[in-house]
Amino acid sequence: MLVERISGMDFTSFIHKYITEPLDMRHTKTQQDDIEDEQLAGVYAPHYKGEIPRDSINVISTGSIVFIGEVGAQFGLTWKK
């Protein structure tokens, strides 16, 4: 991964050091962090009635982060600066 190769740090450490910690984003995680199911928001889709079971969702991807909506908005605003 590009971030790891250039920084010499693993992706999760880089994200926390340069993004989540400076912005006080305590509820933002990567797939390599410990994430408890009760901390996650439900996932819904128009073609499925009710909440989609968590075991049917592919949450493993290259270089992804997981955060709550409020924090996502805060993160998005940083790109405007």
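Bear in mind the structure is a predicted one, so any value in this text is a computation, not a measurement. (Residues numbered from 1 in each chain as written. Predicted model: local features only at pLDDT ≥ 70, side-chain atom pairs only at ≥ 80, totals over all residues. Heavy atoms only, no water.)

(A) Fine view of a negative patch on the surface. Residues D34, E36, D37 and E38 make up a contiguous surface patch of negative charge. Position of D34 among the secondary structure elements: in the loop between β1 (29-30) and β2 (65-66). (Patch = residues over 30% accessible without salt bridge, like charges linked within 9 Å, V, L, I, M, F, W, Y side chains within 5 Å. Areas by Shrake-Rupley, 256 points an atom, 1.4 Å probe, with all protein chains shown as cover. Salt bridge = Lys/Arg side-chain N within 4 Å of Asp/Glu carboxyl O. Lys, Arg positive; Asp, Glu negative; His and termini not counted. Charge placed at Lys NZ, Arg CZ, Asp CG, Glu CD. Helix = DSSP H or I, 4+ residues; strand = E, 2+ residues; numbered from the N terminus.)

(B) Region of the structure containing unusual backbone geometry. The backbone of D24 shows a phi angle near 55°, a positive value even though the residue is not glycine. Note on placement: D24 falls in the loop between α2 (11-20) and β1. In this structure D24 comes out as partly exposed when scored by relative accessible area, which is 49%. (Buried < 20%, exposed > 50% of the residue type's maximum accessible area, 1.4 Å probe, protein only.)

(C) View of the environment of T30. In this fold, T30 is placed in strand β1. Since its relative accessible area comes to 1%, T30 is described here as buried. Along the sequence, T30 and I15 sit 15 residues apart, while their C-alpha atoms lie 8.2 Å from each other. Here the side chain of T30 touches T12 through a polar contact of 2.5 Å, side chain to side chain. (Polar contact = N/O pair within 3.5 Å; in protein donor to acceptor, adjacent residues only side chain to side chain.)

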